[in-house]
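Residue-level structure breakdown
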Amino acid sequence: MAIKRTSREPARGMEDRKMFATATVQDNAYDVALTNFDAAADALELSQDIREMIKYPERVLMVSVPVRMDNGHIHRFEAYRVQHSSVRGPSKGGIRYHPQVTLDEVKALATWMTWKCAVVNIPFGGAKGGVTCDPKHMSIGELERMTRRYTSAILPIIGPEQDIPAPDVYTNPQTMAWMMDTYSMTKGYAIPGVVTGKPISLGGSLGRNEATGRGVFYTVQSACEHLGLPLQGARVVVQGFGNAGSIAAQLLYESGAIVIAVSDSSACVYNPKGLNVRELIHMKTLTGHVGGFPDSEAIEPSELLSLRCDILVPAALENTVHGGNASSVSAKIVAEAANGPVTPAADHILEDKGVFVIPDILCNAGGVTVSYFEWVQDEQHLFWEAQDVYNRLERVMKTSFRDVLKIHTDRKVSMRIAANMLGIGRVAEAVQIRGIYP
Ligand code: NAD
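Residues numbered from 1 in each chain as written. Predicted model: local features only at pLDDT ≥ 70, side-chain atom pairs only at ≥ 80, totals over all residues. Heavy atoms only, no water.

**Brief notes about the overall build of the chain**
The helix and strand tally for the chain stands at 15 helices and 12 strands. Computed over C-alpha atoms, the radius of gyration of the chain comes to 21 Å, within 12% of the 22 Å expected from 2.2 N^0.38 for 438 residues, which places it in the range of a compact globule. Here the C-alpha coordinates of the chain stretch approximately 60 × 55 × 45 Å along the principal axes. Buried positions account for 59% of the 438 residues belonging to the chain. (Helix = DSSP H or I, 4+ residues; strand = E, 2+ residues; numbered from the N terminus. Rg over C-alpha atoms; globule rule 2.2 N^0.38 Å. Buried < 20%, exposed > 50% of the residue type's maximum accessible area, 1.4 Å probe, protein only.)

See below:
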């Protein structure tokens, strides 16, 4: 994931733009988000006035987070919270801890959250937060102190009615527990609804931890049905074996798919006859990585993406499949568990190859959907059974898949532009009805 910004290609003809977003950039997620917005807005024939109102973040907060490290010295971390939209409700989005977090990345992720919440038709807008740090080289005490100081720095703009954080890359239920505690101590009473993805004992929802992967699974089921591809025996490759990727892999494996390769940031493991995903998850939980898994061979990351398979699940970071490697992808379906893993240039190449892409703002929307269920349960102080959560999630994901597929087939646009048209169209409608203040 590079952060260099380059200029965008001049606008092409309408037909081109309707099929795909066109951009030469492959390396700046925010450019990609804006490019995809323009393509969908053109296809929707949105007025310039509406575009002005919904395209850009409503609020961007950049904060310094000084933390006393274990060696006794203070280290300052740079951190962000971006609220892209509150048009349809409180803004909502995860918190990322990663060395490559930049303001542009957080703006892109916040923008995608807005369209994603609208695609699955939940009453939230989009937000995202991030701290530029290397959590793998920090102690638990340092992580806790950083999380609490970051929470207090963004505290004026978050809250259950305002903006609700959740986990993202390298943050987890424990991170959310520290955030909830810091916020609650400042207010003077327990406010579980300020974050989602919390531990169950603090008002978390059953099914939230596995919600993103489960949502990916439901959309893959729908895509297989649409394409007439049996899931039983389908060959699957998963890049990124964290929360989203490992659960998607497990559910696909339990449905009879053959997971032939997976990777994390340290290794790629491959077995053409299939990996035992349950055992792999067990090993990853114990050791923290997938490398050295018995009955597997180590391969290079570039080989992993070009393995012959039916379903490729990018579940790590942005820009995984780009103009330089998309032609080597030989999957029938690319299911975007990660946000922004396929660049606009790669979209063109995959379309030419006939690859069916389930776009991120649809594919990984299961996480925010169950976050919404968690927030509803917290607000009502009434908690649901796990099966109830799964049933509701399946209904939302499969209905949303059908809605996007209908636009894709009726309007002859890519699945990505179709999903953006659905999400952006709903936000545009809401802003039009609300009007402009003052
Ligand atoms: P996570 O921290 O649980 O896992 C990330 C995984 O990616 C780790 O296994 C890590 O080793 C691996 N990874 C990092 N860099 C890699 C690389 N270059 N190659 C291969 N693997 C690499 O994070 P997560 O929550 O699973 O998030 C993964 C993606 O899913 C992100 O794009 C995130 O925004 C998206 N997402 C997550 C959620 C959620 O609820 N957690 C919801 C929607 C979308």
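Now that the structure has been shown, we can carry on.
**Quick look at the packing of aromatic side chains**
The full count for this structure, using the stated rule, is 8 aromatic pairs. Here Phe124 and Tyr372 contribute two aromatic rings whose centre-to-centre distance is 5.7 Å and whose plane-to-plane angle is 90°, an arrangement assigned as edge-to-face. Note that Phe124 is positioned in the loop between helix 4 (103-119) and strand 4 (125-132) and Tyr372 in helix 13 (residues 366-380), a separation of 248 residues in sequence. Relative accessible area serves as the criterion here: at 1%, Phe124 is assigned to the buried category. Where Phe356 meets Phe401, the ring centres are 6.3 Å apart and the plane angle is 40°; that geometry is what we call tilted. In this pair, Phe356 sits in strand 12 (residues 356-358) while Phe401 sits in helix 14 (residues 386-411), placing the two residues 45 residues apart along the sequence. The class of Phe401 is buried, set by a relative accessible area of 2%. Cluster of aromatic residues (ring-pair linked, three or more members): Phe124, Tyr372, Phe373, Trp375 and Trp384. (Phe/Tyr/Trp six-rings, centres within 6.5 Å; stacked < 30°, edge-to-face > 60°.)

**Remarks on the side chain of Ser205**
Inspection of the secondary structure puts Ser205 in the loop between helix 6 (173-187) and helix 7 (211-227). There is a polar contact of 3.0 Å between the side chain of Ser205 and the side chain of Gln377. (Polar contact = N/O pair within 3.5 Å; in protein donor to acceptor, adjacent residues only side chain to side chain.)

**Focus: the nonpolar core**
A general trend in soluble globular proteins is that nonpolar side chains are found buried together. Formed by 95 residues in total, the largest nonpolar core has its most connected members in Ile54, Val220, Leu231, Val262, Ile311, Val313 and Ile358. Ranked by size, the runner-up nonpolar core spans 26 residues in total, among them Ile157, Trp178, Ile191 and Val194. (Core = buried A, V, L, I, M, F, W, Y, C linked by side-chain atoms within 4.5 Å.)

**Here's the deal with the packing of helix 7 against helix 8 (residues 243-254)**
At a closest axis distance of 7 Å, the pairing of helix 7 and helix 8 adopts a crossing angle of 50°. Here helix 7 lies oblique to helix 8, going by the angle between them. Seen along the crossing, helix 7 lies across helix 8 with a hand that is right-handed. Here Thr212, Gly213, Arg214, Val216, Phe217 and Val220 of helix 7 lie close against helix 8, whose contacting residues are Asn243, Ala244, Ile247, Ala248, Leu251 and Leu252. Residue classes in the contact of helix 7 with helix 8 are distributed as 8 nonpolar, 3 polar and 1 charged. (Axes fitted to C-alpha atoms, helices over the stretch in contact; angles between N-to-C directions. Parallel < 35°, antiparallel > 145°, perpendicular 65-115°, else oblique. Left-handed = near helix turned anticlockwise from the far one by under 90°. Contact = heavy atoms within 4.5 Å. Nonpolar A, V, L, I, M, F, W, Y, C, P; charged D, E, K, R; others polar.)

**Some words on the site of the ligand**
Near the ligand lie 23 residues; those nearest to it are Asp168, Tyr170, Thr212, Asn243 and Asn339. Here an oxygen atom of the ligand sits 2.7 Å away from a polar atom, N or O, in the side chain of Asp168. At 2.9 Å from an oxygen atom of the ligand is found a main-chain nitrogen or oxygen belonging to Ser265. The protein chains hide 86% of the 830 Å² of surface that the ligand would expose on its own. A class-by-class count of the residues in the shell around the ligand yields 9 nonpolar, 9 polar and 5 charged. (Near = heavy atom within 4 Å. Areas by Shrake-Rupley, 256 points an atom, 1.4 Å probe, with all protein chains shown as cover.)

**Observations concerning the pattern of salt bridges**
Tallied over the entire structure, the rule returns 24 salt bridges. Residues Glu78 and Arg76 are paired through a salt bridge, measuring 2.9 Å at the closest nitrogen-oxygen approach. The salt bridge involving Lys332 is made with Asp310; its shortest N-O contact spans 2.6 Å. Of the two residues, Lys332 sits in the loop between strand 10 (311-314) and strand 11 (333-335) while Asp310 sits in the loop between helix 10 (301-305) and strand 10, which places them 22 residues apart along the sequence. Among the charged side chains, a network of salt bridges with common partners joins Arg96, Glu105, Lys128, Asp168 and Glu318. (Salt bridge = Lys/Arg side-chain N within 4 Å of Asp/Glu carboxyl O.)

**Observations regarding the pairing of strand 5 (residues 163-167)**
Most of strand 5 sits out of view: 4 of its 5 residues are buried. In terms of strand pairing, strand 3 (residues 91-98) meets strand 5 through 5 bridges, oriented parallel. Its bridge partner being in strand 5, Gly93 is matched across the sheet by Pro165. (Pairing = 2+ DSSP bridges.)

**Quick look at the sheet that holds strand 5**
Judged by pairing direction, the sheet is mixed, and its 5 strands sit side by side in the order 1-2-4-3-5 without closing on themselves. Of all the strands in the sheet, the pair left with one neighbour each is strand 1 (59-68) and strand 5. The mean inter-strand angle of the sheet, taken between neighbouring strand axes irrespective of direction, is 25°. Relative to the sheet, helix 4 contacts strand 1, strand 2 (74-83), strand 3 and strand 4, its axis offset from that of strand 4 by approximately 155°.

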